[in-house]
Each structure stands twice: as C-alpha cells, then as structure tokens.
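Residues per chain are reported as follows:
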Amino acid sequence: MTYWSTRPVLRAVPSTRSLATAVSPKEIVRIVEVGPRDGLQNEKAVIPPATKIELVNRLARAGSNIIEAGSFVSPKWVPQMAGTFEVMSKVEKTPGVIHQVLVPNMKGLEGVFSLHETHKGPRPVDEIAIFTAATDAFAKANTNCTVTESLARLAPVTRAALDRGLKVRGYVSVVITCPYSGKVDYKRVRDITRELFEMGCYEVSLGDTVGTGNPTSVGEMLETVMKTSLVDKLAAGDIFFHDTFGMGVANAMKAVEMGVRTLDSSVAGLGGCPYSPGATGNVATEDILYALQDTRFTAAGDLDALVDVGFWISEQLRRNNESRVAKAIRARRVREQSVKAKL
Ligand SMILES: CC(C)(COP(=O)([O-])OP(=O)([O-])OC[C@H]1O[C@@H](n2cnc3c(N)ncnc32)[C@H](O)[C@@H]1OP(=O)([O-])[O-])[C@@H](O)C(=O)NCCC(=O)NCCSC(=O)C[C@@](C)(O)CC(=O)[O-]
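This text gives an overview of the structure that appears in the document. Just so it is clear, the model here is predicted, and its values are computed rather than measured. (Residues numbered from 1 in each chain as written. Predicted model: local features only at pLDDT ≥ 70, side-chain atom pairs only at ≥ 80, totals over all residues. Heavy atoms only, no water.)

With that settled, the discussion passes to the packing of helix H12 (residues 303–317) against helix H13 (residues 324–342). Relative to each other, H12 and H13 sit at 100°, their axes nearing to 10 Å. Considered as vectors, H12 and H13 are oriented roughly perpendicular to each other. Every residue of H13 that contacts H12 at Leu303, Asp304, Val307, Asp308 and Phe311 is listed here: Val325, Ala326, Lys327, Ile329, Arg330 and Arg333. (Axes fitted to C-alpha atoms, helices over the stretch in contact; angles between N-to-C directions. Helix = DSSP H or I, 4+ residues; strand = E, 2+ residues; numbered from the N terminus. Parallel < 35°, antiparallel > 145°, perpendicular 65-115°, else oblique. Contact = heavy atoms within 4.5 Å.)

As a further point, take helix H4 (residues 106–118). With 13 residues, H4 extends 18 Å between its outermost C-alpha atoms, agreeing within 8% with the 18 Å of an ideal straight helix rising 1.5 Å per residue. Among the residues making up H4, those that are buried are Gly108, Leu109, Gly111, Val112, Phe113, Leu115 and His116. Residues of H4 that are buried make contact with helix H3 (84–90), strand S4 (98–102), strand S5 (127–133) and helix H6 (147–163). (Expected span 1.5 Å × (residues − 1). Buried < 20%, exposed > 50% of the residue type's maximum accessible area, 1.4 Å probe, protein only.)

Let us look at the pattern of salt bridges. Applying the stated criterion across every chain yields a total of 19 salt bridges. Here Glu27 and Arg296 are joined by a salt bridge, their closest N and O atoms 2.7 Å apart. With Glu27 in strand S1 (residues 27–28) and Arg296 in the loop between helix H11 (285–292) and strand S12 (297–298), the pair connects residues that are 269 residues apart, well separated along the chain. Classification of Glu27 as partly exposed rests on a relative accessible area of 33%. Look at the salt bridges and you will find they share partners, linking Arg30, Arg169, Glu203 and Asp264 into a network. (Salt bridge = Lys/Arg side-chain N within 4 Å of Asp/Glu carboxyl O.)

Not every one of the 27 residues close to the ligand is listed here, only the nearest: Gln41, Lys76, Asn142, Ser173 and Thr209. One nitrogen or oxygen atom from the side chain of Lys76 is found 2.7 Å from an oxygen atom belonging to the ligand. Ser173 has a polar side-chain atom sitting 2.6 Å from an oxygen atom of the ligand. Coverage of the ligand by the protein chains reaches 75% of its 1100 Å² of free accessible surface. Secondary-structure elements contributing two or more residues to the shell around the ligand are helix H1 (35–39), H4, helix H5 (136–143) and strand S6 (167–173). (Near = heavy atom within 4 Å. Polar contact = N/O pair within 3.5 Å; in protein donor to acceptor, adjacent residues only side chain to side chain. Areas by Shrake-Rupley, 256 points an atom, 1.4 Å probe, with all protein chains shown as cover.)

Okay, the pairing of strand S11 (residues 262–265) next. Where burial is concerned, the two faces of S11 agree: the one with Thr262 and Asp264 and the one with Leu263 and Ser265 are both buried. Bridge analysis of strand S2 (residues 30–33) against S11 gives four bridges, and the strand direction is parallel. From the neighbouring strand, Ile31 faces S11, where its bridge partner is Leu263. (Pairing = 2+ DSSP bridges.)

The terminal C-alpha atoms of H13, which comprises 19 residues, lie 27 Å apart, in line with the 27 Å expected from a rise of 1.5 Å per residue. Among the residues making up H13, those that are buried are Val325, Ala326, Ile329 and Arg332. The arc that holds every buried residue of H13, seen down its axis, measures 125°, which confines them to one face. Away from its buried face by more than 90 degrees, H13 exposes Arg324, Ala341 and Lys342. (Arc of directions from axis to C-beta.)

Residues in a regular strand project their side chains so that they alternate between the two faces of the sheet. S4 sits mainly inside the fold: four of its five residues count as buried. Taken together, the five bridges between strand S3 (residues 66–71) and S4 define a ladder with parallel strand orientation. Within the sheet, the bridge partner assigned to Gly70 lies in S4 and is Val101. This β-α-β element, S3 to H3 to S4, shows right-handed connectivity. Where S4 lies against S5, three bridges are found, and the strand directions are parallel. Each bridged residue has a counterpart across the sheet, and for Leu102 the counterpart in S5 is Ala129. (Right-handed = clockwise from strand over helix to strand, strands pointing away.)

So, on to the side chain of Thr224. The residue Thr224 is located in helix H8 (residues 215–226) in this model. With near-sequence residues (within four places) excluded, Thr224 lies in contact with Tyr186, Lys187 and Arg190.

Before going further, it helps to examine the nonpolar core. Ranked by internal contacts, the top residues of the largest apolar core, which has 88 residues, are Leu109, Ile128, Ile130, Leu196, Leu206 and Met221. Considering each element in turn, this core owes the most residues, eight residues, to H12. Residues in contact with Leu109, not counting those within four places in the same chain, are Val103, Ile128, Val157, Ala160, Ala161 and Leu166. Val32, Val34, Ala129 and Phe240 belong to the second largest nonpolar core, which has eight residues in total. (Core = buried A, V, L, I, M, F, W, Y, C linked by side-chain atoms within 4.5 Å.)

On to the packing of aromatic side chains. Within the structure shown, the criterion is met by one aromatic pair. Taking the centre distance of 6.3 Å and the plane angle of 40° together, the rings of Phe138 and Tyr180 count as tilted. Linking Phe138 in helix H5 with Tyr180 in the loop between strand S7 (177–178) and strand S8 (182–183), this pair joins segments that are 42 residues apart in sequence. Residue Tyr180 is classed as partly exposed on the basis of its relative accessible area, which comes to 41%. In this structure, Arg58 is placed above the aromatic ring of Trp312, and the distance from its NZ or CZ to the ring centre is 4.1 Å. When the ring centre of Phe113 is taken as reference, the NZ or CZ atom of Arg164 above it lies at 3.9 Å. (Phe/Tyr/Trp six-rings, centres within 6.5 Å; stacked < 30°, edge-to-face > 60°. Lys NZ or Arg CZ within 6 Å of the ring centre and 35° of its normal.)

Pasting the structure below:
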C-alpha cells in the first residue's frame, strides 16, 4: 500500500491542464507545531537546550513551517522552558519557516528584544504568542492574575511587539471546561477572543486545555464565538485540542468543517498543561495530517518524516509516542521489512 507515504504537502494544479480537467486546488490548513513548547513544558523529563534545538530543526526539515519553539516565561514556574534564549539563538533559520515563542509579560518580551539585539544573522523569533484564559481560576493558577489583569498586562506587550515588527498571536485557555471552575461560559470566550483581536493579535487560538470537548460542545462553542463581527478573522484563527478523552482529531475536523483554517498540534502528542491536572498531551500532528489526507484540504509536513521525529523525541524523553497514526505506520514498516527479508 502506498498511502502511508502520501505526503500532505501543498499541491499545485498543473498549469498544462485545461480548465475543464483541472483538479480544484486544495485549501490550506495551517498547522502550528507546538511540540517544542506546549509539548515539552509538560513532560516530566527536562531536556537540555541542545536536544530542544535538534527537535526544532528536525521538525523544520520534516516540513513543519510554523513552529512554537519555546517560551520566555519564569523558569521558576515552568522549569522545562529554561534555556529558551539559548535555543532560539542557535535554531537554524530556514526560509519559509516561522518560529514563534510564548511571552507572558514585558519581561518575557524584553528577553526576545535582547536576543534580537545580540544575535548575528536573521532574527530568530518571527512571532510572539501571548496567553490568557476563559476563567479567572485558570488565569490565576497559570499566570498569578485574573483574566482582566492579564489582558491589561498583555496590551502593552502586544503594542511593543507590533512596534518592533513582531506579529502577535493570542491564546485563550480552557474554552470548554476549566479544571478549577467547571463548565465555561462560551460568551466569555467570545468576549476575550474579541479583546485579543482588538489588541492587535492577528490570530487567536482557542484551547480545549483539559481536552473534555467533543464535536458537539466544540461546535457550540465555535458558533458562539463566531457570532461576533470578527467571524472572518476567527475563520483565519485556530483551535487547539488536548486529547485527554481521545476526541482531539474529531474536534479538529469539526473546527475545520466550521471554517477554522489553523490547527495547533504536537508531534508524537507531546505535552499537556502544568496547571491543568489530568490533561494529557496535545492532539498529535501525525494524526491531524493523516485525517486531512484525501480531503479537500492540505497542510504542510511530511507525514513519514514527522513519524521519525516523533519516535526520536519520545526516545529522548523516555516516554511513549502517543500518536496512534505514528504507531500504526511504524508497525506497518516493521511488517513490510520482515516480508522483504523473507523474499
Ligand atoms: C506570568 C508570571 C511570570 C507571573 O508570575 P509572578 O510570580 O506573579 O511574577 P513576578 O512579576 O512577581 O515575578 C516573579 C519572578 O519571576 C521572574 N519573572 C517574571 N517574568 C518572567 C519572565 N517572563 N521570564 C523570566 N522570569 C520572569 C521575576 O523576575 C521574578 O523573579 P525573582 O525576583 O523572584 O527572582 C508567571 O506566572 C509565569 O511565568 N507563568 C507562566 C506559566 C506558563 O508558562 N504556563 C504554560 C503556558 S500557557 C499554556 O500552556 C496554555 C496554552 C497557551 O498552551 C493553550 C492551552 O492549551 O490552553
């Protein structure tokens, strides 16, 4: 069978075809690879900067073209993210690959500025991501302040980043369920999303941080959020699924069906969130790429190469690879090799 090696990369319509026979070009779904940040931040093992750099570079070589590579947060709060300055200063800059980092406050942004001032060559950071939550309880656990306080803290960070030519992406956590205060009011998600857009974010990622959502609740949440004047922008926005209940791929496909054109995922299903007890890893990038195959959508990334990256990083972390697609592909490779050996 050849479908394992089908590469879900951009496919152009050959110009020699007549209009009558031309295949419609596929619509692009952007994939933000968050494994090196949201993934590694919640793994028990703290890996050295050299391994993180290798991960980011291997992902780029495997075709990931938007990579969240680290975060400039307090190492006391998230020790796994210590060393992001070094990681970003040594990551290979490949044309066409966007490197993003998470920033919680002005101190974090100053870290990015100082990296850019001292770095020789192209700027290592193309975009920053700021984050807040849909509930005060989660915002306090994650950033030691309420949602309103976090938005007030993030507004000047966004302005300063935009002034220096850095694009800004926003995250809203716990858009379905909060691990501390239960079911979330989707109107609150809508209002916070709107504030992030008004602040200057070009895209807002809606995180089902606990991973309790299913296609029905995700659909209801998206419908509420899309009932604003910002429907177009949200359609260009994205949604971020943790896979605690195994609904990650189904939820992602539901979001795509509803017009969302960016998805966040982690190679090998790395990660979770340190302030979200019980949350498992993110939906695996390999699983999303597989689900998008044979649809009218296409996304960057070489599935076979990403499977290799996923097994490599899982080995470094001494953890299991949580991508079901990756495990199935590896099992198939083993079978094919043993058949060949017998010939
Ligand atoms: C926001 C703070 C800093 C507030 O934490 P705080 O304790 O209120 O901050 P503070 O201003 O009082 O500072 C405390 C100490 O941290 C230092 N500090 C302060 N800022 C920085 C910084 N940027 N970089 C490095 N150090 C910093 C600061 O210098 C000081 O050091 P000390 O004087 O004690 O030695 C803290 O709560 C924090 O770092 N939180 C980050 C939590 C985090 O990274 N969570 C995971 C990311 S969010 C997520 O994963 C969800 C998402 C986005 O993926 C979507 C989803 O799935 O839901």
